[in-house]
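# Fold and geometry: a report
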Amino acid sequence: MSSKRTLQTVLMPVRGRNPFNINKVLKPRGRPHINSNICKGCGFCIEFCPIGVLEFSDTVNPWGYQYPRIKPGMEDACVNCGMCERVCPEFAIEVFEEPPIPYKVSWVE
Ligand code: SF4
Ligand code: SF4
């Protein structure tokens, strides 16, 4: 082994490094389906969504509770984490996996 080999040359991958390209990163995607008829309007799903995808609708269900809906413009923002599904005490939400899409730079700024 040459004595001139430094730690940097040893650790460097054989094919070199490429700059990080955000356009090649795919974002997992989901779509929450909300059963508004059994929602009790607790708001847990809205509070615990890490992306802020959900908000209360303007209307109420047959029991008089405001139920969540996807915010306008956030239709592709859900990352399929399933948090809203897990925290709903009424089992009113089911999240379905959708094909991943490239990140929008505006999502990470
Ligand atoms: S699955 Fe996750 S990101 Fe999508 S709406 Fe539910 S809590 Fe938000
Ligand atoms: S967590 Fe369930 S019951 Fe509570 S607001 Fe969301 S959908 Fe309705």
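Structure shown above.
The structure reproduced in this document is the subject of the present report. Everything numeric here is computed off the predicted structure, so don't read it as measured data.

## Considering the overall build of the protein
Secondary structure assignment for the protein yields 4 helices and 4 strands. Secondary structure of the protein in N-to-C order comes out as α-β-α-β-β-α-β-α. Within the protein, the fraction of its 109 residues that count as buried is 13%. Considering only contacts in the protein between residues 6 or more positions apart, those separated by 24 or more positions represent 72%.

## Some remarks on the site of ligand 1
Surrounding ligand 1, one finds 14 residues, the nearest of these being Cys49, Cys78, Cys81, Met83 and Cys84. When residues of the shell around ligand 1 are traced back to their parent elements, those giving at least two are strand E1 (26-34) and helix H3 (83-87). Considering only residue class, the shell around ligand 1 consists of 11 nonpolar, 3 polar and no charged.

## Focus: the site of ligand 2
In the neighbourhood of ligand 2, 15 residues make up the surrounding shell, with Cys39, Cys42, Phe44, Cys45 and Cys88 lying closest. Within the residue set of the shell around ligand 2, elements represented by two or more residues are helix H2 (44-48) and strand E3 (66-70). Each residue belonging to the shell around ligand 2 can be placed in one class, and the counts come to 11 nonpolar, 2 polar and 2 charged.

## Section: unusual backbone geometry
For Asn80, which is not glycine, the phi dihedral falls at a positive 60°. Following the sequence through the fold, Asn80 ends up in the loop between E3 and H3. Phi angles above zero are rare outside glycine, and Phe91 is one such case at about 55°. Within the fold, Phe91 resides in the loop between H3 and strand E4 (93-102).

## Regarding the environment of Cys78
Locating Cys78 in the fold gives a position in the loop between E3 and H3. The class for Cys78 is buried, based on 23 C-beta atoms found within 10 Å. Linking Cys78 and Glu98, residues 20 residues apart in sequence, is a C-alpha distance of 9.5 Å.

## Brief notes about the environment of Leu26
Along the chain, Leu26 falls in strand E1. Along the chain, Leu26 and Ile101 lie 75 residues apart, while their C-alpha atoms are 5.2 Å from each other.

## With respect to the pairing of E4
Summarising burial for E4: 1 of the 10 residues are buried, a small minority. Of the strand pairs in this sheet, E1 and E4 are connected by 8 bridges, and their pairing is antiparallel. Each residue of the ladder has a partner; that of His33, found in E4, is Glu94.

## So, the environment of Pro89
Counting through the fold element by element, Pro89 comes out in the loop between H3 and E4. Pro89 sits in the exposed class, given 9 other C-beta atoms within 10 Å. Expressed as a C-alpha distance, the spacing of Pro89 and Cys39, which sit 50 residues apart in the sequence, is 8.9 Å.

So, how was this worked out
- Residues numbered from 1 in each chain as written.
- Chains lettered and ligands numbered in written order.
- Predicted model: local features only at pLDDT ≥ 70, side-chain atom pairs only at ≥ 80, totals over all residues.
- Helix = DSSP H or I, 4+ residues; strand = E, 2+ residues; numbered from the N terminus.
- Buried ≥ 20, exposed ≤ 12 C-beta atoms within 10 Å, placed from the backbone.
- Contact = placed C-beta atoms within 7 Å.
- Near = placed C-beta within 6 Å.
- Nonpolar A, V, L, I, M, F, W, Y, C, P; charged D, E, K, R; others polar.
- Pairing = 2+ DSSP bridges.

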